[in-house]
Amino acid sequence: MRYYILLIYLCLAQVAFAQDYMKYFDLDTPLPPEVSVFETIVLEDCSYIRETVDNGSVYLYNEGGRARKEEPTYLNGEEVPVEVYWTEEGSFSVQPDALQAQQMLSIVDDAFTKEQADSLRGWYMFIELRVSSITGELEDVFFHFATTTPYEKIPIEVFRNIERKMKSELHFEITNFGKSLTYSSLGWSQCPSGRAESD
């Protein structure tokens, strides 16, 4: 008898949890706005923004670039419907080839010492690149990680070096869809392995 009571209790709890879960993800109910704290970090050649969001996220980016929340639009100013990104055409507005993809990973790996990389083992950061839809040149680099990760202890200069090297070495092919936008973007998650020790 106790087994059946426990089973009924678990079923009811699961239903209640599912209702709360669906309420949380109700698309008709807008999520509360993010609250961010901005810190400007002055480097030798530029200033970086460290944006800490109340959801436990940190964004690092060059102060001279686009605002993080600036969404791409069509060149005529019209908004790009969200569903467009779910089509085959809209999935990629910029397409790096295999060599470029490997180069992007290597630039990130090589920016960290082995000691730094060891401290980050198992922790991933997200990197977003924003590319000019006209020239294919890299314009902005955004780094995103959680506040509780060891990335917090990595000097800002490491991220700046990644940005600088990517901007000097990467040039992208823009798709026809990408050429209709104010900018194209691509991103990936990576846990740096660190640069190879020199002999």
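Definitions and cut-offs
- Residues numbered from 1 in each chain as written.
- Predicted model: local features only at pLDDT ≥ 70, side-chain atom pairs only at ≥ 80, totals over all residues.
- Heavy atoms only, no water.
- Pairing = 2+ DSSP bridges.
- Helix = DSSP H or I, 4+ residues; strand = E, 2+ residues; numbered from the N terminus.
- Axes fitted to C-alpha atoms, helices over the stretch in contact; angles between N-to-C directions.
- Salt bridge = Lys/Arg side-chain N within 4 Å of Asp/Glu carboxyl O.
- Buried < 20%, exposed > 50% of the residue type's maximum accessible area, 1.4 Å probe, protein only.
- Core = buried A, V, L, I, M, F, W, Y, C linked by side-chain atoms within 4.5 Å.
- Contact = heavy atoms within 4.5 Å.

## Description of the sheet that holds strand β6 (residues 183-190)
Right, on to step 1. Ordered by their spatial adjacency, six strands build an open sheet running β1-β2-β3-β5-β4-β6, and the pairing between neighbours is antiparallel. The outermost strands of the open sheet, each flanked by one partner alone, are β1 (36-42) and β6. In this sheet, adjacent strand axes meet at a mean angle of 20° when their direction is disregarded.
Right, on to step 2. Direction of pairing for strand β2 (residues 47-53) relative to strand β3 (residues 57-62): antiparallel, over a ladder of six bridges. Bridged to Arg-50 within β3 is Leu-60.

## Section: the pattern of salt bridges
Right, on to step 1. A full pass over the atoms with the stated rule returns eleven salt bridges.
Right, on to step 2. Glu-163 is the salt-bridge partner of Lys-167, the closest N and O atoms lying 2.8 Å from each other. Linking Lys-167 with Glu-163, this pair stays in helix α5 (residues 156-169), spanning four residues, or about one helical turn.
Right, on to step 3. A residue is classified by how much of its surface remains accessible, and Glu-163, at 0% relative accessible area, is buried.
Right, on to step 4. Overlapping salt bridges bring together Asp-45, Arg-160, Glu-163, Arg-164 and Lys-167 as one network.

## Some words on the nonpolar core
Generally speaking, nonpolar side chains in soluble globular proteins are found buried as a group.
Right, on to step 1. Counting residues in hydrophobic clusters, the biggest one holds 33 residues, and the most contacted among them are Phe-112, Met-125, Leu-129, Phe-143, Phe-159, Met-166 and Phe-172.
Right, on to step 2. Mapped by element, the contributors of at least two residues to this core are β3, α3 (98-111), β4 (125-132), β5 (138-146), α5 and β6.
Right, on to step 3. No other element matches the five residues that α5 contributes to this core.
Right, on to step 4. Leaving out residues up to four positions away in the same chain, Phe-143 has contacts with Tyr-48, Val-58, Tyr-59, Leu-60, Met-125, Phe-126, Ile-127, Phe-159, Ile-162 and Glu-163.
Right, on to step 5. One finds Ile-49, Val-53, Tyr-59 and Phe-142 within the second-largest nonpolar core, a separate group that totals five residues.

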